[in-house]
Amino acid sequence: MTRETWMNRFYLIGRTVILSAMVSFAVPRVFASDSPRPNVVVILLDDMGYSDLGCYGGEIETPNMDRLAANGLRFTQFYNCSRCSPTRASLLTGQYPHRVNMGANNNNLGRNGVTLAELLGGAGYETAMAGKWHLSRFGELGNWDGRQDEYMAWLNNQIDGHVPYSPRDTWPMKRGFDRFYGVIWGVVNYFNPFSLADGMEPVRDIPDDYYITDAISRYAVEYIEEMSGTGRPFFLYVAYTAPHWPLHAPKETIRKYEGVYDDGWHALRQRRYRRQIEMGLIDQRTHPLPELMGFGKDWEELSDDEEAFQARKMAVHAAMVDRADQGIGRVIRGLRRAGELENTVIFVLSDNGASPETPTTPGYDRPSETEDGRTIHYDTDASLEELGGETSYAGIGSYWANAANTPFRYWKRESYEGGNHTPLIVHWPDGIERPRGSMTDQRGHVMDILPTCLDIAGVSYPPSYGGHEITPVTGKSLLPVLKGRRRAGYSALFFEHEGGKAVIENGWKAVQPTSRSEWFLYNLDEEKTEITDLAGEYPERLERMTGLWEQWYRRAGFSRKNLFRLSGGTALGRSQAPFLQDTPFTVRAEFEGGARSGVIVAQGGNQDGIALYVKDGRLYFAMRRGGELTELVVAEPPVEGRNTVEVAVDCDGVVEVVLNGAHVLEGRVPGLLPRMPIDGLEVGRDEKTAAGPYETPNAYPRKIYGVTIRLSP
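Chemist: Any chance you could explain the sheet that holds strand β24 (residues 609-615) here in plain terms?
Modeler: The pairing of strands in a sheet happens through backbone hydrogen bonds and is either parallel or antiparallel. Overall, antiparallel pairing links the 6 strands, which are arranged β21-β30-β23-β24-β25-β26 in an open sheet. At either margin of the open sheet sits one strand with a lone partner, and together these are β21 (571-572) and β26 (628-633).

As structure tokens, this is what we get:
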């Protein structure tokens, strides 16, 4: 680390402390103990499968996490939010992610939530973070309109670009962390990551042997050394990027797993399942093993070369988990050297289940070349020898992901157990009052981490922070569980991500997959692996549970306003956008005509959404339902100068368009939107995935005077 970097860091720390005196803080309660207030370390892995760890049935070498489990407590029914950003938001704020503007990836964490770092820092704790942030909107992408080659060079770390990765007031050191080293965005080249920052400054130069997992571990240990010397308790958040794609790992670690996966995903799943039963983690009666899920060729259909390629993928995934475990070992040793291990509560968990994703093209957050100009080959375009190195970009795919989530169905993104069920290890020698190596089946959620830490630290949750009213904590403290008692728990738990929905109540779970419109019903008390759908046998129960989910969804921050008046350039996150699910609506826009192309207004993206746009000088309206596109063209083109267009969609899917007072179109779409669109709303552009058949962002080049959206009651 350069002298300048250190000076910047200490300047920023001092500035943060001075500014902190100007805001409201959590009030420390009297801590009923003679010992110092405990330190808190939260370790979050990224896209790790439920059964990847040795202590949860896996064959990957994870001796350090296994040792924490052997001397701590494992949870067998703990939940996350199925995706990167929502889980991180929920963990840090103690709320459902929708309440703090993070129901979907790549938004700014809302100021109506206060982070664990802000609360503990205000109560006298030192705070630090090393790793992946992913709680800021990539809001500067629009600065690259029409300069795609330059944008890719920026993403490839080949030019500076003089563009911040995201709004700086959303970075970790503006959300309570005194120290930060890591990445602002969500996806990284492990050997040369984009959006790398130290404190508030981008990191431009890294050593030749750089690997981000090792760097995160190194900084975490440095922070322990710094903070333990202050005489104050500390909070450390270690957010590894591993084992999120791309599959990148040092060669020497990959070699440890050569040959381990040569017999395929079915065999791996059976081995893990047997091991889970033997160790008492699951009961075969309540956890019958479902059929392996996946898409594409199954193992027996692969050629020898394809088998070798797939086995190499899983070997790299294992190496990534292994390398993170090695880093966690260094963190544990750092705590022990500082004399802080016994009085530190450590949480280890994953942000979602293993990922089925296999990235196939560069763009958005995926580079096309290395910094020195070598082409990056995506997925099967990479050679076997490249896989795991910097010139490859691949993911493990659906079959390996489902095997990594043994014994559950599905994977990341879904609200099935394979998507939102996480291992959780808690290690706290001075505080856990249960036999070492215990397991608990008490149900919990990632939003329980914040209230647990506040309870442990003796800190009260405030009604406001930094001049902002904040929404109450939804999570519940796990401290009774750690003390060996039963806690009241939740009357119901709710889930939603990208159209995947679920509610758990009294041992029952209702689920709607992301790609389906129907709900399924499972009795988790009898069958935790969600095989037998009981929706037909218990329709009244299903109706009541889905009604509970609808009530929660509306309370969780999604707007039920019926009228929106928007100006040109407006962008609304998903939770602030019009609630279009199963709702007739009217869009009225006033704009300057004469443009050949561009989006006037769009909400949603390439799965579900609507768009009003100009193409080849003509006006179009498009709707996507489950990825299926319907496009309607208006016969009369807009005129030069000011135009007014009104598009109405009724409950039967009939579309009527009036342009400048004339009825110019009556058409039809297949129906109303079956689910709330994932992407938010934008006026004058469509920055994320395309709601219409155009390339994003497709900015409208002329003036938009205003857009009004009215929802029918």
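Chemist: Mind showing me how you'd approach the packing of helix α2 (residues 63-70) against helix α9 (residues 304-337) here?
Modeler: Between two packed helices, both the angle of their axes relative to each other and the distance between the axes serve to describe the pair. At a closest axis distance of 7 Å, the pairing of α2 and α9 adopts a crossing angle of 55 degrees. Taken together, the axes of α2 and α9 lie oblique to each other. Of α9, the residues touching α2 (which contributes P63, N64, M65 and L68) are D325, Q326, I328, G329 and I332.

Chemist: Would you explain the pairing of β26 in this entry?
Modeler: As a general feature of sheets, a regular strand has side chains that alternate between the two faces. Where strand β25 (residues 618-625) lies against β26, 6 bridges are found, and the strand directions are antiparallel. Residue pairing across strands places M623 opposite T630, the latter belonging to β26. Hairpin connection of β25 to β26: 2 residues between the antiparallel strands, including G626 at a positive phi of 60 degrees.

Chemist: Explanation requested: the pattern of salt bridges in the structure shown.
Modeler: If the charged atoms of two oppositely charged side chains come close together, the side chains can form a pair. Under the counting rule described, the total for this entry stands at 42 salt bridges. Note that E225 is salt-bridged to R337, the shortest N-O span being 3.8 Å. You can see E225 sitting in helix α6 (residues 212-228) and its partner R337 sitting in helix α9, a full 112 residues away along the chain. Classification of E225 as partly exposed rests on a relative accessible area of 48%. Note on R337: relative accessible area 56%, which makes it exposed. Between E390 and R374 there is a salt bridge, with the nearest N and O atoms lying 3.4 Å from each other. In this pair, E390 sits in the loop between β9 (377-378) and β10 (392-393) while R374 sits in the loop between β8 (344-350) and β9, placing the two residues 16 residues apart along the sequence. Connected through salt bridges with shared partners, the residues D46, R88, K132 and D351 form a single ionic network.

Chemist: Hey, could you run me through the nonpolar core in this one?
Modeler: Soluble globular proteins tend to pack their nonpolar side chains together in the buried interior. Ranked by size, the top nonpolar core spans 147 residues in total, and within it Y261 and F621 carry the most contacts. If we ignore the near neighbours within four places in the chain, the residues touching Y261 are E59, I60, L268, W299, A311, M314, A315, A318 and W400. Of all hydrophobic cores here, the second largest spans 63 residues; its members include F75, C81, V100 and M102.

Chemist: Even after reading the chapter, I still don't get the packing of aromatic side chains, so can you show me in this structure?
Modeler: Aromatic rings in a pair are described by how distant their centres are and how their planes are angled relative to each other. Summed over all chains, the structure comprises 40 aromatic pairs. Ring centres 3.7 Å apart and planes at 5 degrees place the aromatic pair Y181 and Y219 in the stacked group. Placement of the pair is Y181 in strand β4 (residues 179-183) and Y219 in helix α6, with a sequence separation of 38 residues. Judged by its relative accessible area of 8%, Y219 falls in the buried class.

Chemist: What's the story with the sheet that holds strand β18 (residues 508-512) in this structure? I'm lost.
Modeler: Read across the sheet, 4 strands follow the order β16-β17-β18-β19 without closing on themselves; strand pairing throughout is antiparallel. Of all strands in the sheet, those bounded by a partner on one side alone are β16 (493-497) and β19 (520-523). Across the sheet, the axes of successive neighbouring strands diverge by a mean angle of 15 degrees, strand direction being ignored. Pairing of β16 with strand β17 (residues 500-505), which is carried by 5 bridges, proceeds in the antiparallel orientation. Across the sheet, the residue bridging to H497 is G500, located in β17.

Chemist: Would you mind showing me how to read the state of the cysteines here?
Modeler: What makes a disulfide is a covalent bond joining the sulfur atoms belonging to two cysteines. Inspection of every chain in the model, using the stated rule, returns 0 disulfides. Here C81 stays free of any disulfide, with the sulfur of C84 as its closest cysteine sulfur at 11 Å. Under the relative-accessibility criterion, C84 is labelled buried at 2%.

Chemist: Please clarify how helix α10 (residues 397-404) should be interpreted in this entry.
Modeler: It helps to recall that an α-helix has 3.6 residues per turn; residues three or four apart then point in one direction. Of all 8 residues making up α10, 8 are buried, and the element is well covered by its neighbours. Among all positions of α10, only G397, S398, Y399, W400, A401, N402, A403 and A404 are buried. Where the residues of α10 are buried, they touch α8 (264-278) and α9.

Chemist: What exactly am I supposed to notice about α9 here?
Modeler: Here α9 spans 49 Å end to end across 34 residues, near enough to the 50 Å set by a 1.5 Å rise per residue. Among the 34 residues that make up α9, 24 are buried, leaving the element largely enclosed by the rest of the structure. Once α9 finishes, G339 follows within two positions and takes phi at roughly 70 degrees, a positive value.

Chemist: What's the story with the pairing of strand β28 (residues 654-659) in this structure? I'm lost.
Modeler: Inspection of the sheet shows strand β27 (residues 641-649) paired to β28 by 5 bridges, in the antiparallel sense. In the strand pairing of β28, V645 is matched with L659. Where β27 folds back on β28, the antiparallel hairpin that results is connected by 4 residues, among which G653 adopts a positive phi of roughly 85 degrees. Sheet topology note: the β28/strand β29 (residues 662-668) ladder contains 6 bridges and is antiparallel.

Chemist: Could you clarify how one ought to interpret the packing of α6 against α9 in this entry?
Modeler: One way to put it is that α6 packs onto α9 with a least axis distance of 9 Å and a crossing angle of 10 degrees. By the angle between their axes, α6 is roughly parallel relative to α9. Seen from α6, the contacting residues are T213, D214, S217, A220, V221, I224 and E225; seen from α9, they are R323, A324, G327, R330, V331, G334, L335 and R337.

Chemist: I keep staring at the side chain of S90 and nothing clicks. Help me out?
Modeler: Its location among the elements puts S90 in helix α3 (residues 84-93). In this structure S90 comes out as buried when scored by relative accessible area, which is 0%. Among the polar contacts made by the side chain of S90, one reaches the main-chain carbonyl oxygen of Q95 at a distance of 2.8 Å. In this structure S90 touches C81, Q95, Y96, P97, H445, V446 and M447, once residues within four positions along its chain are discounted.

Thresholds, definitions, all that
- Residues numbered from 1 in each chain as written.
- Predicted model: local features only at pLDDT ≥ 70, side-chain atom pairs only at ≥ 80, totals over all residues.
- Heavy atoms only, no water.
- Pairing = 2+ DSSP bridges.
- Helix = DSSP H or I, 4+ residues; strand = E, 2+ residues; numbered from the N terminus.
- Axes fitted to C-alpha atoms, helices over the stretch in contact; angles between N-to-C directions.
- Parallel < 35°, antiparallel > 145°, perpendicular 65-115°, else oblique.
- Contact = heavy atoms within 4.5 Å.
- Salt bridge = Lys/Arg side-chain N within 4 Å of Asp/Glu carboxyl O.
- Buried < 20%, exposed > 50% of the residue type's maximum accessible area, 1.4 Å probe, protein only.
- Core = buried A, V, L, I, M, F, W, Y, C linked by side-chain atoms within 4.5 Å.
- Phe/Tyr/Trp six-rings, centres within 6.5 Å; stacked < 30°, edge-to-face > 60°.
- Disulfide = S-S within 2.5 Å.
- Expected span 1.5 Å × (residues − 1).
- Polar contact = N/O pair within 3.5 Å; in protein donor to acceptor, adjacent residues only side chain to side chain.

Function cannot be read off these values alone, since they describe shape.
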